[in-house]
Amino acid sequence: MSEVFLSFDNGPEPEATPLVLDVLARRRIRAMFFVIGEKLRDRARRALAERVRAEGHRVGNHTLTHGTPLGRRSGPEAVAEIAETDALLGSLREPDRLFRPNGGGGALGPHLLNRSAVAHLLAGGHSVVLWNSIPRDWDDPDGWPARALAMAAAAEEPLLMVLHDLPNGAMRHLDRVLGMMSDSGTRFLAEPPEACLPIRAGRAMPGLENYVSEDAVP
């Protein structure tokens, strides 16, 4: 039986996030939503983030702009991407200050963080939540369900699956995919797999160095 923890990146978006929340409510599944900080400046999108939290899901920081990965930035730039989004989250920020770096296509590696970002995250008591399952729904809105189902079927360890509440039509398949996973015996986790947390509540965990580069020269 496979185990899957769901997370949603790059929202909130009025054309997609409500649909995702409705599906999760119907399926009684809890998830994490990693939001782009600059989107919270829009009143409608902030209201959606507040709905996410009100419905029992957790809200995390997914950088301010979702631009160049932090491991390829200068120290001050990387820290600003995190800190400014934390400020915009305000009361939505979780006690363990969830953070997910952007991966530039979902790849894992030292491009995700730099030394200054790591120092800031450790000092601030953040938890960094990575992933091990990327069905690529953002660039293949109709092809991702088959990949997601195959990943769940083949999983030998708990999966942390990244989907995206973006207005590209991909989430219209979400209810069907989750139903097929449930029918095949998949169990949806309420907490992310520990192996996907290289920083946990401000503590460095084994493997963190795999995701860290030296600060880029400004």
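Since the structure is predicted, the reported quantities are computational estimates derived from the model, not experimental observations. (Residues numbered from 1 in each chain as written. Predicted model: local features only at pLDDT ≥ 70, side-chain atom pairs only at ≥ 80, totals over all residues. Heavy atoms only, no water.)

(A) The environment of Thr63, seen in detail. Assignment of secondary structure puts Thr63 in the loop between strand E3 (58-61) and helix H3 (75-89). Thr63 sits in the buried class, given a relative accessible area of 0%. Residues Thr63 and Ala16, spaced 47 residues apart in sequence, show a C-alpha to C-alpha distance of 20 Å. Beyond its immediate stretch of four places on either side in the chain, Thr63 contacts Val35, Ile36, Gly37, Leu70, Glu81, Thr85, Phe99, Arg100, Pro101 and Asn102. (Helix = DSSP H or I, 4+ residues; strand = E, 2+ residues; numbered from the N terminus. Buried < 20%, exposed > 50% of the residue type's maximum accessible area, 1.4 Å probe, protein only. Contact = heavy atoms within 4.5 Å.)

(B) Focus on the nonpolar core. The biggest cluster of nonpolar side chains holds 30 residues, and the ones touching the most others in it are Leu6, Phe8, Leu24, Leu174 and Leu178. Taken together, the elements giving at least two residues each to this core come down to strand E1 (3-11), helix H1 (17-27), strand E2 (31-35), helix H2 (43-54), helix H5 (144-154), strand E7 (159-164) and helix H6 (174-183). Those residues within four positions of Leu174 in sequence are excluded, and the remaining contacts are Phe8, Val20, Val23, Trp144 and Leu163. Ranked by size, the runner-up nonpolar core spans 27 residues in total, among them Phe99, Ala117, Val129 and Val212. (Core = buried A, V, L, I, M, F, W, Y, C linked by side-chain atoms within 4.5 Å.)

(C) Main features of the packing of H1 against H6. Here H1 crosses H6 at 25°, and the two axes come no closer than 10 Å. If you check the angle between H1 and H6, you find them roughly parallel. With respect to the hand of their crossing, H1 and H6 are arranged in right-handed fashion. Residues Val20, Val23, Leu24, Arg26 and Arg27 of H1 form the contact with H6, whose own contacting residues are Leu174, Asp175, Leu178 and Gly179. Of the residues in the contact of H1 with H6, the class split is five nonpolar, one polar and three charged. (Axes fitted to C-alpha atoms, helices over the stretch in contact; angles between N-to-C directions. Parallel < 35°, antiparallel > 145°, perpendicular 65-115°, else oblique. Left-handed = near helix turned anticlockwise from the far one by under 90°. Nonpolar A, V, L, I, M, F, W, Y, C, P; charged D, E, K, R; others polar.)

(D) Structural detail: the pattern of salt bridges. Within the structure shown, the criterion is met by 22 salt bridges. Between Arg73 and Glu81 there is a salt bridge, with the nearest N and O atoms lying 3.2 Å from each other. When its relative accessible area of 13% is taken as the criterion, Arg73 is described as buried. Residue Asp86 pairs with Arg97 through a salt bridge whose shortest N-O separation is 3.3 Å. Separated by 11 residues along the polypeptide, Asp86 in helix H3 and Arg97 in the loop between H3 and strand E4 (98-99) bring together distant segments of the chain. Residue class for Arg97 comes out partly exposed when judged on its relative accessible area of 21%. (Salt bridge = Lys/Arg side-chain N within 4 Å of Asp/Glu carboxyl O.)

Honestly, that's just the spatial picture; any functional story needs more than this.
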